[in-house]
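Single-letter residue listing:
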Amino acid sequence: QVELVETGGGWVQPGGSLSLSCTASKNYFHIKTMGWYRQRPGEQRELVAESVTGGQTTYADFVQDRFTISTDDAEKTVHLQMASLKPEDTAVYFCYVALWRGPLEADLEYWGQGTQVTVTS
């Protein structure tokens, strides 16, 4: 019911910048959280950053102030601006949303297809 469309992946040199965007299709559920995860080769998927609607923004420790997540609630869009990229940032980056369904039901989670970010010289 919710489709996440990701844009902005690609190749960048170490120290460079890249910006990812993700737009969720319209729906009548309340979007509780929008964010980004990544999966590095041979590693488990891990949180990069997330933004709770009307609430807290969280970054992983490895971000080290290099990334900025922002949301546009009206457009149901989340952005991830990445700077000072390192080779170890190379990963597939996944957009996700969590939908609030009510106090008696679990949240619904949706994932994008993932976009490859490659940081290499």
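Model, not experiment: these values are computed from the prediction.

1. Looking at the nonpolar core
- Counting residues in hydrophobic clusters, the biggest one holds 29 residues, and the most contacted among them are Leu4, Trp36, Val48, Leu80, Met82, Tyr93 and Val97.
- At the level of elements, strand 3 (18-24), strand 4 (30-39), strand 5 (46-52), strand 7 (67-72), strand 8 (77-82), strand 9 (91-100) and strand 11 (115-119) are the ones that each hand at least two residues to this core.
- Element by element, the count of residues in this core is highest for strand 9, at five residues.

2. Remarks on the pattern of salt bridges
- One pass over the full model with this rule turns up six salt bridges.
- The partner of Arg66 in a salt bridge is Asp89, with the nearest N and O atoms 2.6 Å apart. Placement of Arg66 in the loop between strand 6 (57-59) and strand 7 and of Asp89 in the loop between strand 8 and strand 9 is noted, with a sequence separation of 23 residues between them. Here the two residues Arg66 and Asp89 agree in accessibility, since each one is buried.
- Taking the shortest distance from any N to any O, the salt bridge between Glu105 and Arg101 comes out at 3.4 Å.
- Classification of Glu105 by relative accessible area gives partly exposed; the value is 42%.
- Given the relative accessible area of 32%, Arg101 is considered partly exposed.

Thresholds applied
In this convention, every chain numbers its residues from 1, walking through the sequence in written order. Side-chain atom pairs in this predicted model are given and counted only at pLDDT of 80 or more, local residue features only at pLDDT of at least 70, and totals for whole chains, interfaces and linings cover all residues. Think of the side-chain values as coming from all heavy atoms in the structure, minus any hydrogens and water. Only buried residues count toward a nonpolar core, which is a set of Ala, Val, Leu, Ile, Met, Phe, Trp, Tyr and Cys residues joined through side-chain atoms within 4.5 Å. Burial classification: accessible surface area is computed with a 1.4 Å probe over protein chains only, and a residue below 20% of its type maximum counts as buried, one above 50% as exposed, and the rest as partly exposed. Each helix is a run of DSSP H or I of at least 4 residues and each strand a run of E of at least 2, with the numbering of both proceeding from the N terminus. Here a salt bridge means any side-chain nitrogen of Lys or Arg lying within 4 Å of a carboxyl oxygen belonging to Asp or Glu.

Honestly, it's all geometry; don't read function into it.
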